[in-house]
Amino acid sequence: MGFLDRLGAKAATFDDEYEYDEYDEYDVEDYESDDPSVTEIHSVEQAPEIARIMTVWVSTYEEIKGFANEFRLGTPVILNLSRAGDTERVRIVDFALGLCFGLAGKFSKVSDDVFLLTPEKVKTENRGSDTNNLFN
């Protein structure tokens, strides 16, 4: 007996007497859990409510961990590099670009020394004629 014959035999034994309702009724309480390790399901379509924007003045590469962790949590970051030397500035910008790219955020140049790191779910508007967003 071939694969299609076996598949047809299984399909033929399907119970045609079952009546399907448009929607089966489920009680929400049957699926709630008091287990703290269970996370409630919520829509990812909702834009987060932005309560704060973090501004950091970074002068060395060793200081990146603070703003990187905040950005990973969804906080927009204004990155001021006016205190950083040229070599450090290149390393910090490279890291910030990678962070934004890896988390599908946006990296925008505000001025020569200031950059805006925007998480994926945060909408930004540019009302000027040219765009400074490196990732859209």
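Worth saying up front: this structure is predicted, and the values here are computed from it rather than measured.

Student: Kindly report on the overall build of the protein, identifying the contributing residues and their values.
Tutor: Looking only at helices and strands, the protein features three helices and four strands. Across the protein, helices and strands are ordered from the amino to the carboxyl terminus as α-β-α-β-α-β-β. Contacts spanning at least 24 positions in sequence make up 54% of the contacts within the protein whose residues lie at least 6 apart. Summed over all atoms, the accessible surface of the protein reaches about 11000 Å², with 51% contributed by carbon and sulfur.

Student: Tell me about the packing of aromatic side chains, residues and numbers included.
Tutor: For the structure shown, the criterion picks out three aromatic pairs. Look at Tyr-61 and Phe-95: their rings are 6.2 Å apart centre to centre, the planes differ by 85°, and that puts the pair in the edge-to-face class. On the criterion of sequence distance, the pair formed by Tyr-61 in the loop between strand S1 (54-57) and helix H2 (64-72) and Phe-95 in helix H3 (residues 86-102) is long-range, its members being 34 residues apart. Since its relative accessible area comes to 24%, Tyr-61 is described here as partly exposed. Judged by relative accessible area, Phe-95 falls into the partly exposed class, the value being 25%. Among the aromatic side chains, those forming a connected cluster through ring pairs are Tyr-61, Phe-67 and Phe-95. A cation over an aromatic ring shows up here: Arg-91 above the ring of Tyr-61, its NZ or CZ 4.0 Å from the ring centre.

The rules behind each value
Residues numbered from 1 in each chain as written. Predicted model: local features only at pLDDT ≥ 70, side-chain atom pairs only at ≥ 80, totals over all residues. Heavy atoms only, no water. Helix = DSSP H or I, 4+ residues; strand = E, 2+ residues; numbered from the N terminus. Contact = heavy atoms within 4.5 Å. Areas by Shrake-Rupley, 256 points an atom, 1.4 Å probe, with all protein chains shown as cover. Phe/Tyr/Trp six-rings, centres within 6.5 Å; stacked < 30°, edge-to-face > 60°. Buried < 20%, exposed > 50% of the residue type's maximum accessible area, 1.4 Å probe, protein only. Lys NZ or Arg CZ within 6 Å of the ring centre and 35° of its normal.

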